[in-house]
Amino acid sequence: MGSKWKKLKLAIGINMCVFTPKTMDRSTSSSSIKSATTFPGDVSPSGDVSGHISTTPKPSSSVPRLSKSGSKSKSSKGMCAICLTTMKPGQGHAIFTAECSHTFHFHCITSNVKHGNRICPVCRAKWKEVPFQNPASSNASNDMSQVNNRLSSQRGNALATMPRRTTSLPANVPEPAIFDDDESLDHHTATTQINNNTDRTVVNTMEIKTNPEVSAVSKSASHDNFAVLIHLKAPKRNITESSSPTSVQNSRAPIDLVTVLDVSGSMAGTKLALLKRAMSFVIQNLSSSDRLSVVAFSSTARRIFPLQRMTGTGRQQALQAVNSLSPSGGTNIAEGLRKGAKVFVDRKFKNPVGSIILLSDGQDTYTFSRRPHIGTDYGVLVPNSIQRNNGDGLHIPVHAFGFGIDHDATAMHSISEISGGTFSFIEAEDVIQDAFAQCIGGLLSVVVQELQVEVLCVHPKLQLSSVKAGSYLTNLTANARRAIIKVGDLYAEEERDFLVTLNIPVDKSSNEMSLLIVKGVYRDPMTEEMLGLEETSEVKIQRPSVARGQVVSIEVDRQRNRLRAAEAMAESRVKAELGDLSGAVSILENCQMALSETVSAKAGDRLCVALAAELKEMQERMANQRMYEQSGRAYVLSGLSSHSWQRATARGDSTESTSLVQAYQTPSMVDMVTRSQILGAPQLGLSAAKSFNDRKKEK
C-alpha cells in the first residue's frame, strides 16, 4: 500500500507535504488525488482562477470582506484562502501545506501557481518551492478515472455531476458564419412557476406623481417658464410568498446578455485576472433562464462562447471559456461590437431583456487610423442594428466600461449614448467586480419596458415651452400642446424625473386652472402585455385674486439643481477639451455656489449634497492637463451619463456605500454590489492600481 501510494504521488507531481485523512481507504485516497487534477484554463464557479468547484454556497458571514485597496483579510482557520471554502478531513480534497505553514486545497494552489502566482495568498511570503502537476501520467489517469466514476455514484454534489472537461480551449472551435446556435429558452421554468403562484403573488403597479413649482398664481399675473415635475417610479419585483430560490429567480424577466471584452496586450496581468474574476461573479449571478454569450476582441474579434443558458453545465462552460482568455494584439472596438450585435441579430430565440456589456482599457487602434476620412465620428463604432435612433433597431443598450487611465472615454461614452446605455469609469482595477455587479443588479431587475409618457395641455391657451428629459428621446408636436417621452426600460423601484415648462397666461375667468394631463403606457416584460398607467395625473393650480406666501416645491427645486449641475458639467467639459481648464473650473465653481443658495440645498437635500461633492471632485480632477486626460475626462463623462439617464454609473469608487455619488442606485443594485463586496476579489500576486483618492492622500 505504502509503495503504491508513493508511486502515485510521484506520478501526479505532489512534491510537498500533502495531508490525507487517516480514515480514508484506498479508493477515497485516490479520489482525493483525482480531485487535485485540473485542466488548463479552469476557473471555478466561485470565481477563483483555480479550478476548484464550490459545491455548496456559504453564508456571507463566513466570507472575509475586502478593504478598499483590495487586500484580503486573514483567512479563517480551516478555510482555503483561494476558494474560501472549508478544509475538513473526509471531504475528498487533498490538502497542501506551504513552507510558510499556511494550508490550501491542493487543486486550488496548483492552479494558482499555474497562473503565475508564487506568493502565499495569506501572508504574501515568497515560496522557494511550489506544487506542480504532471497530467501526463497515463497509469495514474486510468486509475483516477475509475475512482472518479466510483466517486460520482457516491457523492451527490456538483463536482460529481459536472460533465467531464476537455483540454481544448474555445479558440480551437471554428466560429460559425451565422450565430443561430443559441440555446432554446426554458419557457417552462420562466413562466410556469409564476402562473402556479398567481393567487399569492404581490402585484405592484407603476407610480406617477406630478408637482407644479408653486400651487397658485394670481389671476392677474402671468408666469413664464412655469415648471411642472413629472415623477415616475417603477414597481418592485413581483416576489411570490414562496421562499424557494427558484420562484424568486422566476419572478423577474430573464435576460440575454452579451459581454464584449477587450483582451488586447495592454490587458495582460492584473487587469485580465480581475476581469476574469468579475466575469465569474456575473456568471454565478445569472439564473438558468438567463443566457450569456462572450465576445473577446483585440486586433480582431471572436465569439468564444455562444448564447447559452446559465444552468450548472452552462456556467461551467462559460467559466472555462472566460478563463481561456489571453492578452495579445491591438484594440478593435468596432469589430468587437459588430460581433456582439451579430449575436442578437442571428439568435433564433429571444429573452425579454437584452443588453451588451462592453469593457475596454485602450483606444480603438483600427477604425480611425485606417479610415481617417471619418474623423471622430464615433457612430461608426456602433452597428446600426443596435443604434437607438434606428426605428427598426433591436433596442439593445451597450453599457460601456472604461477600464484604467488609458481608455478612450469619449469613444466609450459616445457608444453608450448612441445605443441607449450608460458609461462607467473604472479607475481602480480592483473595483471592476463591483462595477459589473451594479450594472447587472439593474439588468436582472427589469420590471417595465417600452415605457412612453404622454403630456397633454388642458387649458386652450397653454403651450409647452420645453421638455427637459436628458438623453431620453422626446417628440413635441407642431402646436406644442402634446409631448411624448420615450423612457424605455426601468429597473425595479427605479425613478425618473422630467421637468416640463409652460407659460401661464393671465386668466381671470376661474379660481382654478387645469394645466396638464400626464399618462403613459408600458410593456410588462413577464406577460408581454401592454399596460396603461393606472393613474392619469392631472396638474392643476389655484388662480386666486392675490397669491401670497407661495413656496417653491422642494421636489421641483431639486430637479432644477440636477439639470443645472448637468449643464455645468457639459459646459465645463467643452472648455476643458479646448485646453481652458481654468475656465472649466470656474463654471463648476459658479454652479456649486448657485446650488448652495437654493431652497433644497438649504434644506439639506441629499441629492444637492451629492451634486456639490461631485462638482468639487471634478474641479480637483481638472487641476492640470495630465490629470484631466488621465481621469478628469472619464469622471465628467460618467457623471454626465448618470445624470442624463438618471441611472447609476461607476465613477472611481462610487459603488462604495460611503460614496455620495449614488443618487440613482436601486435596491437591486445595492444588494448586488453588497454581495460583490462581501465576496471580495482574490489576491493574484499582482498589485492593483491606486484610485484617485488614494493618490491624493499620498501627496
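As the structure is a prediction and not an experimental result, all values here were calculated from the model.

**Student:** Quick one: what's the story with the nonpolar core, residue by residue and with numbers?
**Tutor:** Side chains of nonpolar character tend, in soluble globular proteins, to be buried together. Of all hydrophobic cores here, the largest spans 51 residues; its most connected members are Ile-356, Leu-358, Ile-415 and Met-622. No other element matches helix α15 (residues 581-596), which puts seven residues into this core. Residue assignment places this core across two domains, with domain 3 (255-445 + 662-680) and domain 4 (558-638) each supplying three or more. With residues up to four places along the chain from it excluded, the contact list for Met-622 reads Ser-572, Ala-576, Leu-581, Ala-584, Val-585, Leu-588, Tyr-628 and Val-636. Counting 49 residues, the second-largest nonpolar core is a separate cluster that includes Met-279, Ala-321, Val-353 and Ala-648.

**Student:** Tell me about the sheet that holds strand β11 (residues 423-426), and name the residues and values.
**Tutor:** As summarised here, the arrangement of the six strands in space is β8-β7-β6-β9-β10-β11, forming an open sheet in which the pairing is mixed. Two strands in the sheet have a free side with no partner beyond their single neighbour: β8 (301-309) and β11. Here the average twist between neighbouring strands, direction ignored, is 15°. One ladder, built from seven bridges, connects strand β6 (residues 255-262) with strand β9 (residues 353-360); its direction is parallel. What sits directly across from Leu-261, in β9, is Leu-359. In the packing of helix α9 (residues 312-323) onto the sheet, contacts are made with β7 (291-297) and β8, and the angle to β8 comes to roughly 165°. Sitting on the sheet, helix α13 (residues 432-443) is in contact with β6, β9, β10 (398-403) and β11, with an inclination near 165° to β9.

**Student:** Which residues make up α9, and what values go with them?
**Tutor:** Taking 1.5 Å of rise per residue, the twelve residues of α9 would be expected to cover 16 Å, and the 17 Å separating its terminal C-alpha atoms lies within 8% of that figure. Within α9, nine of the twelve residues are buried, which leaves the element mostly enclosed by the surrounding structure. Here α9 has its buried residues at Gly-314, Arg-315, Gln-316, Ala-318, Leu-319, Gln-320, Ala-321, Val-322 and Asn-323. Taken together, the buried residues of α9 touch α8 (270-284), β7 and β8.

**Student:** Tell me what's going on with the packing of aromatic side chains, and back it up with residues and numbers.
**Tutor:** For the structure on display, the rule yields three aromatic pairs. Both rings, one in Phe-401 and one in Phe-436, keep their centres 5.0 Å apart while their planes meet at 65°; by these two values the pair is edge-to-face. Of this pair, Phe-401 sits in strand β10 while Phe-436 sits in helix α13; the two residues are 35 residues apart in sequence, bridging distant segments of the chain. Phe-401 gets classed as buried once you look at its relative accessible area, which sits at 2%.

**Student:** Outline the side chain of Thr-331, listing residues and values.
**Tutor:** With respect to the element layout, Thr-331 can be found in the loop between α9 and α10 (333-346). In terms of polar contacts, Thr-331 uses its side chain to reach the side chain of Ser-264, at 3.5 Å. Setting aside residues no more than four positions away along its own chain, Thr-331 makes contact with Asp-262, Ser-264, Phe-297, Ser-298, Ser-360, Gly-362, Gln-363, Asp-364, Thr-365 and Tyr-366.

**Student:** I'd like a description of the packing of helix α17 (residues 606-620) against helix α18 (residues 625-645), backed by residues and values.
**Tutor:** Relative to each other, α17 and α18 sit at 155°, their axes nearing to 9 Å. Here α17 is positioned roughly antiparallel relative to α18, judged by the angle of their axes. Handedness of the crossing formed by α17 with α18: left-handed. Contacts from Leu-611, Glu-614, Glu-617, Met-618 and Glu-620 in α17 reach Met-627, Tyr-635, Val-636, Gly-639 and His-643 in α18.

**Student:** Could you give an account of unusual backbone geometry, with specific residues and numbers?
**Tutor:** Residues other than glycine seldom take positive phi values, yet Glu-450 does so here, at roughly 55°. A positive phi angle, near 60°, is found at Ala-480, a position not held by glycine. Checked against the element boundaries, Ala-480 lands in the loop between β14 (473-476) and β15 (482-491).

**Student:** Any chance you could break down the pattern of salt bridges for me, citing the residues and the numbers?
**Tutor:** Under the definition given, this model contains 25 salt bridges. For Arg-523, the salt bridge identified is with Glu-450, shortest N-O distance 3.0 Å. Taken together, the positions of Arg-523 in strand β17 (residues 512-523) and Glu-450 in strand β12 (residues 446-457) put the pair 73 residues apart, joining distant regions of the chain. What makes Glu-450 partly exposed here is its relative accessible area of 42%. Each of Asp-182, Asp-256, Arg-291 and Arg-347 takes part in salt bridges that share partners, so that together they form one network.

**Student:** Let's hear about the sheet that holds strand β13 (residues 464-468): which residues, and what values?
**Tutor:** Taken together, four strands build an open sheet; the order of strands is β4-β5-β16-β13 and the sheet is antiparallel. Every other strand in the sheet has two partners, leaving β4 (207-212) and β13 as the edge strands with one partner each. Averaged over all pairs of adjacent strands, the angle between strand axes in this sheet comes to 20°, irrespective of strand direction.

The rules we used
Residues numbered from 1 in each chain as written. Predicted model: local features only at pLDDT ≥ 70, side-chain atom pairs only at ≥ 80, totals over all residues. Heavy atoms only, no water. Core = buried A, V, L, I, M, F, W, Y, C linked by side-chain atoms within 4.5 Å. Buried < 20%, exposed > 50% of the residue type's maximum accessible area, 1.4 Å probe, protein only. Helix = DSSP H or I, 4+ residues; strand = E, 2+ residues; numbered from the N terminus. Domains from an automatic or database assignment. Contact = heavy atoms within 4.5 Å. Pairing = 2+ DSSP bridges. Axes fitted to C-alpha atoms, helices over the stretch in contact; angles between N-to-C directions. Expected span 1.5 Å × (residues − 1). Phe/Tyr/Trp six-rings, centres within 6.5 Å; stacked < 30°, edge-to-face > 60°. Polar contact = N/O pair within 3.5 Å; in protein donor to acceptor, adjacent residues only side chain to side chain. Parallel < 35°, antiparallel > 145°, perpendicular 65-115°, else oblique. Left-handed = near helix turned anticlockwise from the far one by under 90°. Salt bridge = Lys/Arg side-chain N within 4 Å of Asp/Glu carboxyl O.

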